[in-house]
Amino acid sequence: MTDADLLARHRAVLPDWLALYYTEPIEIVRAQGRHVTDAQGRTYLDFFAGILTNAIGYDVAEISDAIRAQLDTGVLHTSTLYLIRKQVELAEQIAELSGIADAKVFFTNSGTEANETALMLATQYRRSNQVLALRNSYHGRAFGTVGVTGNRGWSASALSPVKVSYVHGGYRYRGPFAGYSDADYVAACADDLRDVLATTTSGDVAALIAEPIQGVGGFATPPDGLFAAFKEILDEHGILLISDEVQTGWGRTGEHFWGIEAHGVTADVMTFAKGIGNGLAIGGVIARGEIMDCLRANSISTFGGNPVATAGAKATLDYLLDNDLQGNAAKLGEHLLSGLRDIGDAHGVVGDVRGKGLMIGVELVEPGGTTPSPHAATTVLEETKARGLLVGKGGLHNNVIRLAPPMTLTREEADEALGILGAAVAVAEGEHS
Ligand code: PMP
């Protein structure tokens, strides 16, 4: 049972466009490890961790201690007009990890703000407001970022100041290149990029912004090497590559620390947010120094990189690295992918299982074909919840189940989730027969 009064008050005073999960939305009041408890006292295994905001999990002593130590100083924040030790230390660590030469880091409070900053840097640096983005993308909910968000269901305004051309390359289960081999898909997308550049832009484009694996777009995973093929073309024109690592960063994809690394290239600019705060509001931009410093006026972020957020993020990053959570994501990701493929083989309602590490999408279709089934996805969402598992939903057709548990996941928890997902998928399939 949802707290009906709270839900009514929420609906009355918060915007209609603030999406809520479940016919009976839940209020999470306690959390520990990979588990959350709602106001009715029901505990769930969290396989979405608040849309990947809790990279490590809930109530991690090392992180809480670091935040508490900062609170104990009495300085929650003053401003970026003064030196902030943890901000400098975290920036040094992130710059080093980025692989970007002469990297500088700017901290923000969200992924949207990080991408807005990246777009401003790229357009200033290149003196052009033309940008390329992938179809089916999501980059944020502010004025510039809605423009580069190709997924119309999540792009709230068409009045963005950026001039955007969309290219293929994110989502390959459907569309003109569906069914292509990896090599043919990469070649077709590269041809499309050349064509879009030649026919819809004046050539002096500022940047291509892309998620290495599309998050909101349903964990759509392009073949390795796609962005290498893109980068070659971009380099011919001096166009920057902005890798939006808001969901793919910090080792979540298992085999690499940054999603873009799977393609063997380094981005000119990367943006991050979500998991690195392990629940605290922090995001940021990493860019080559000459790009970061192309702005010619003073700027400030009142709260970006504040002492509490950077203390928490630094502790999160240290924990991630010290405990090889990237390795755990690789190992358990493989285990989950293979278990989900088995479920898919047994149920026609599963059209596609894809992803890397602990970022796995299950696309649901009408059995016997590839017609998207948003209804089946809703059933799986509700049925997993009823069995004590929280998962995410997404995709252009709202028919993809998204799995992104904290990276401290155990094998037992992975198996528990597979059991619940198998049962929920069976219910969804039953409704279609
Ligand atoms: N980029 C990507 C890839 C995202 O998934 C999101 C959030 N879903 C954002 C940017 C925006 O981040 P935020 O919600 O923190 O503004």
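Residues numbered from 1 in each chain as written. Predicted model: local features only at pLDDT ≥ 70, side-chain atom pairs only at ≥ 80, totals over all residues.

1. Digging into the domain arrangement of the protein chain
By a widespread convention, an interface's size corresponds to the accessible area lost as its parts come together. For the protein chain, the assigned domains are domain 1 (3–60 + 325–431) and domain 2 (75–323). Domain 1 and domain 2 are separated by 25 Å when their C-alpha centres are compared. Each partner contributes to the interface: domain 1 provides 29 residues, whereas domain 2 provides 29 residues. For the side of domain 1 that touches domain 2, the elements supplying multiple residues, two or more each, are helix H10 (325–346), strand S11 (350–356), strand S12 (359–364) and strand S15 (400–403). The class makeup of the residues in the side of domain 1 that touches domain 2 is 14 nonpolar, 10 polar and five charged. (Domains from an automatic or database assignment. Contact = placed C-beta atoms within 7 Å. Helix = DSSP H or I, 4+ residues; strand = E, 2+ residues; numbered from the N terminus. Nonpolar A, V, L, I, M, F, W, Y, C, P; charged D, E, K, R; others polar.)

2. Brief notes about the site of the ligand
Around the ligand, the structure places 16 residues, and the nearest of them are Ser110, Gly111, Thr112, Gly215 and Val246. Of all the elements, helix H5 (residues 111–126) adds the most residues to the shell around the ligand, at three residues. Taken together, the residues of the shell around the ligand break down into five nonpolar, nine polar and two charged. (Near = placed C-beta within 6 Å.)

3. So, the sheet that holds strand S2 (residues 35–38)
Here four strands make up an open sheet; going across it, the order is S1-S2-S3-S13 and the pairing mixed. Edge positions in the open sheet fall to strand S1 (28–32) and strand S13 (389–390), since each of these has one partner strand only. (Pairing = 2+ DSSP bridges.)

4. Section: the packing of H10 against helix H12 (residues 411–432)
For the pair H10 and H12, interaxial distance at closest approach is 10 Å and the crossing angle is 20°. Compared by their axis directions, H10 and H12 come out roughly parallel. Between H10 and H12 lies a crossing whose hand is right-handed. Each of Leu332, His335, Leu336, Gly339, Leu340 and Ile343 in H10 lies in contact with H12, whose residues at this interface are Arg411, Ala414, Leu418, Leu421, Gly422 and Val425. (Axes fitted to C-alpha atoms, helices over the stretch in contact; angles between N-to-C directions. Parallel < 35°, antiparallel > 145°, perpendicular 65-115°, else oblique. Left-handed = near helix turned anticlockwise from the far one by under 90°.)

5. A look at unusual backbone geometry
For Tyr22, which is not glycine, the phi dihedral falls at a positive 80°. Residue position: Tyr22 is located in the loop between helix H1 (4–13) and S1. The exposure class assigned to Tyr22 is partly exposed, which follows from the 13 C-beta atoms found within 10 Å. Positioned with a positive phi, Phe219 is a non-glycine residue whose angle comes to about 50°. (Buried ≥ 20, exposed ≤ 12 C-beta atoms within 10 Å, placed from the backbone.)

6. Some thoughts on the nonpolar core
Membership of the largest hydrophobic core comes to 122 residues, with the highest contact counts inside it found for Ala122, Val131, Ala207, Leu208, Ile242, Val269 and Leu364. The leading source of residues in this core is helix H9 (residues 307–322), at eight residues. If you count residues domain by domain, this core takes at least three from each of domain 1 (3–60 + 325–431) and domain 2 (75–323). Setting aside its immediate chain neighbours within four residues, Val131 contacts Leu119, Val148, Val162, Lys163, Val164, Val205, Ala206, Ala207 and Ile209. (Core = buried A, V, L, I, M, F, W, Y, C linked by C-beta atoms within 7 Å.)

7. Considerations on the pairing of strand S5 (residues 130–134)
Where burial is concerned, most of S5 is hidden: five out of the five residues are buried. A two-sided burial pattern is seen for S5, the buried positions comprising Gln130, Leu132 and Leu134 on one face and Val131 and Ala133 on the other. Looking at chain direction, S5 and strand S6 (residues 163–167) are connected through five bridges and run parallel. Across the sheet, the residue bridging to Leu134 is Val167, located in S6.

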